[in-house]
There are 2 protein chains.
Amino acid sequence: MKYKKRTPVTKITIQDVALAAGVSPATVSKVLNAVPYVSAETESRVRAAMDRLNYRPSSIARSLKIKSTSTLGLITNDLEGVFTMSMMRGVEEVATQQGFSVFLCNSYGEAERERAHLLVLMDKHIDGVILLNGFRVGERPAPALPVGNIPVVYLFQYTHELAVPSIIPDDFGGAVMGTQHLLDCGHRRIGVINGPANYEATHERLKGYRQTLEAAGIPFDPALIRAGKWYESSGYALAHELMSQPNPPDALFCMSDSLAVGAMSALRERRLRVPDDISIVGFDNRAFAAHQTPPLTTVLLPLVEMGRLAGELLLQAIQTGQQTGEIHRVPCQFIQRASTRLTA
Amino acid sequence: MKYKKRTPVTKITIQDVALAAGVSPATVSKVLNAVPYVSAETESRVRAAMDRLNYRPSSIARSLKIKSTSTLGLITNDLEGVFTMSMMRGVEEVATQQGFSVFLCNSYGEAERERAHLLVLMDKHIDGVILLNGFRVGERPAPALPVGNIPVVYLFQYTHELAVPSIIPDDFGGAVMGTQHLLDCGHRRIGVINGPANYEATHERLKGYRQTLEAAGIPFDPALIRAGKWYESSGYALAHELMSQPNPPDALFCMSDSLAVGAMSALRERRLRVPDDISIVGFDNRAFAAHQTPPLTTVLLPLVEMGRLAGELLLQAIQTGQQTGEIHRVPCQFIQRASTRLTA
DNA sequence: CTGAAAGCGCTAACAA
DNA sequence: TTGTTAGCGCTTTCAG
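This structure is a prediction, so every number in the text was calculated from the model and none was measured. (Residues numbered from 1 in each chain as written. Chains lettered and ligands numbered in written order. Predicted model: local features only at pLDDT ≥ 70, side-chain atom pairs only at ≥ 80, totals over all residues. Heavy atoms only, no water.)

A. A look at the protein's contact with DNA strand D. Near DNA strand D, the surroundings consist of 27 residues, among which I14, Y55 and R62 of chain A together with S24 and T42 of chain B are the closest. Protein-adjacent atoms of DNA strand D, using a 4 Å cutoff, are sugar or phosphate at a proportion of 66%. Contact between DNA strand D and S29 of chain A: a phosphate oxygen at 3.0 Å from a side-chain N or O atom of the residue. Between DNA strand D and Y55 of chain A there is a distance of 2.5 Å, counted from a phosphate oxygen to a side-chain nitrogen or oxygen. (Near = heavy atom within 4 Å. Polar contact = N/O pair within 3.5 Å; in protein donor to acceptor, adjacent residues only side chain to side chain.)

So, in structure tokens, the structure goes:
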């Protein structure tokens, strides 16, 4: 009776519930937030009123009061990049699971747009932000706008200007896996078709290859190494080059699945059967890898897992209020399919 | 590793600005919202105070008052689908441009998750929602949760249960373009490699092909038509089938770029040069189409444009408060590259 | 255990 | 033109 009744046709508020349950709004708030010291009897009466009225608390009003929105921002520099999606999926997954929503923002790689997004995100009081790179792992500067004390994580990139977590794949480890598998298959002359030198990944992967080889007592032979673009056409051309040498490789480690597809097509032209005559391993585990003939053995880039980790680290930072400037290298995963096999 | 601890920071409010400018909060609000009848002198004083204090209004507080958040929800059933990204890009583009933010939600195609997302989106007071399909165009039921009076648009899908706008590509028109081009090149026996029958697109496209042929006075020959999966391997197999017939086609219209890539590889095996011996046209304009050898002539699926339209229609509905249950077919676009050419 | 009261930061009548 | 006054719907001391 002491609480003003409001028109029930509009939004149902905590007041309405209080009135219906014969308690005060404060009490309703308490059951809403699972605050202890509410009698079971009162609680059930309130709960009953809530779902009788079909009550849904307003996150806006709540946010205004508690200064937190259960919302995070995801700013990507490339919404078309081949790797972007999977990482986003991982982020969305853990965010949703923990009751957070994610704002999707595309900066197109432009600082000005990033600034603008950061501005509105901060106005909207997001609790944290992920800066996602869709192209290639690399270093980048601080956010285009000082984010004050809101937590940040770098995904598929890293920075030294801020003490925030970064998440990148373990390219080195992935190359070790691929190389070791080929070694285990009995191959001794393993050719490499790599990507452009301006990707850190190409160096990491080559290093992984080289180190694994040397650990197995096999000398590194520069004649077996080629590099070009990441595309199929490059794989095609370089495989031909590699195979037309006097002492050609008996296996090919292609540092992207596209490269591998191109190489397979060259191999086919040379009447070499995969995997009978030559084994081939790709990298990335793109969707099409499984649909090749034969299905491509490859090294999975742990994109979804990286996205998940990004989400987890961000949520953790939001909850604990602190974060460390650590670089997390997420391990790759070896995917055995039919383009490699044990040699006799 | 360095720890970054977050320090509490006192937010600057409209009060602070009012105080600093020697006016009332109401007046500051007025300049903020460009309400007329504020003297130029006062306005500039307020503005000065605002940026001296580095003031940023709280959208939360504002939203609570005005009951609108300049935010929309985007719920996709597939965050890995090949078409999803481009559509999202279009949506994000127009949203950002009009000062809206977009919440990214993945339903994984499950009604329960869609419901859950819708629930929190509505709690967060979004102004509208886009239901995006990442797989294939098709009909679907109403949203998994009654959305009351908030505007909805269906993207890459449509419904008859709700009078809301739907946006789909004009597959028929796209097929007409591809076929007409091949006709213009001088081809008369145009083979078709199609996708699975459980995609509406395959029927629309075949219809476009057939109608264009007949309009040109060329009888439809079922022997020239093949269908299978959308994958490369299918294109490869079906191209072989088609070409091993007594009277083989002199051109191939593949209803996806993947199919076209597979077909090209079969053609290469048969020692047929593209485009010298045979022309080939794809569909979709996936990223890899441009990187084939030769670069693939194809029909662009207008995904980004569709995303944009979805955003525009939604924003329009938000502004006008009304929407119509119309199905918008966005035209495809012909992309000429090097896999087709005029025959002598 | 429950409720009254005081806001969170902003907007919108209505006065002045 | 500008300021006063009420809230938007919720949380949170602090009394009772």
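B. Just the packing of helix α7 (residues 171–184) of chain B against helix α8 (residues 200–215) of chain B, in detail. Residues and elements named next belong to chain B. Where α7 contacts α8, the axes come no closer than 7 Å and their chain directions differ by 40 degrees. Here α8 runs oblique to α7, going by the angle between their axes. For the pair α7 and α8, the crossing hand works out as right-handed. Every residue of α8 that contacts α7 at D171, F172, A175, V176, T179, Q180 and L183 is listed here: A201, E204, R205, K207, G208, Y209, Q211, T212 and L213. Taken together, the residues of the contact of α7 with α8 sort by class into seven nonpolar, five polar and four charged. (Axes fitted to C-alpha atoms, helices over the stretch in contact; angles between N-to-C directions. Helix = DSSP H or I, 4+ residues; strand = E, 2+ residues; numbered from the N terminus. Parallel < 35°, antiparallel > 145°, perpendicular 65-115°, else oblique. Left-handed = near helix turned anticlockwise from the far one by under 90°. Contact = heavy atoms within 4.5 Å. Nonpolar A, V, L, I, M, F, W, Y, C, P; charged D, E, K, R; others polar.)

C. A look at the domain arrangement of chain A. Looking at the assigned domains, one finds that chain A contains domain 1 (14–57), domain 2 (70–169 + 303–330) and domain 3 (171–301). For domain 1 of chain A versus domain 3 of chain A, the separation of C-alpha centres amounts to 64 Å. (Domains from an automatic or database assignment.)

D. Spotlight on helix α3 (residues 40–53) of chain B. Residues and elements named next belong to chain B. The end-to-end C-alpha separation of α3 is 20 Å, in line with the 20 Å expected for 14 residues at 1.5 Å each. T42, V46, A49 and M50 are the residues of α3 that are buried. The arc that holds every buried residue of α3, seen down its axis, measures 105 degrees, which confines them to one face. α3 presents A40, D51 and R52 as exposed residues on the side facing more than 90 degrees away from its buried surface. Two residues or fewer past α3, N54 is found with a positive phi of approximately 60 degrees. (Expected span 1.5 Å × (residues − 1). Buried < 20%, exposed > 50% of the residue type's maximum accessible area, 1.4 Å probe, protein only. Arc of directions from axis to C-beta.)

E. Structural view of the nonpolar core. Core analysis: the biggest nonpolar cluster contains 138 residues, and L252 of chain A together with L252 of chain B have the highest contact counts within it. Discounting chain neighbours no more than four positions away, the residues touching L252 of chain A are L182, G191, I193, A239, L242, M243, A263, L267, I278, S279, I280 and V281 of chain A. In terms of nonpolar packing, the next biggest core, distinct from the first, is built from 28 residues, F103 of chain A together with I126, V152 and V164 of chain B among them. (Core = buried A, V, L, I, M, F, W, Y, C linked by side-chain atoms within 4.5 Å.)

F. The pattern of salt bridges, seen in detail. Evaluated as defined, the whole model comprises 35 salt bridges over all chains. E80 of chain B serves as the salt-bridge partner of R89 of chain A, at 2.4 Å between the closest nitrogen and oxygen. Here E80 of chain B lies in the loop between β2 (71–76) and α5 (84–97) and R89 of chain A lies in helix α5 (residues 84–97), a pairing that spans two chains. Given the relative accessible area of 34%, E80 of chain B is considered partly exposed. Several salt bridges share partner residues, and in doing so they unite R89, E93, E305 and R308 of chain A together with E80 of chain B into one network. (Salt bridge = Lys/Arg side-chain N within 4 Å of Asp/Glu carboxyl O.)

G. Representation of the pairing of strand β8 (residues 251–254) of chain A. Residues and elements named next belong to chain A. Residues A251 and F253 of β8 are buried on one face, and the alternating residues L252 and C254, pointing to the opposite face, are buried as well. The pairing of strand β6 (residues 190–194) with β8 spans four bridges and is parallel. If you follow I190 over to β8, its bridge partner there is A251. As defined by bridge partners, β8 adjoins strand β9 (residues 279–281) across three bridges and the pair is classed as parallel. The residue of β9 that forms the bridge with F253 is V281. Chirality of the crossover, the property in question, places the unit of β8, helix α10 (residues 257–269) and β9 among those that are right-handed. (Pairing = 2+ DSSP bridges. Right-handed = clockwise from strand over helix to strand, strands pointing away.)

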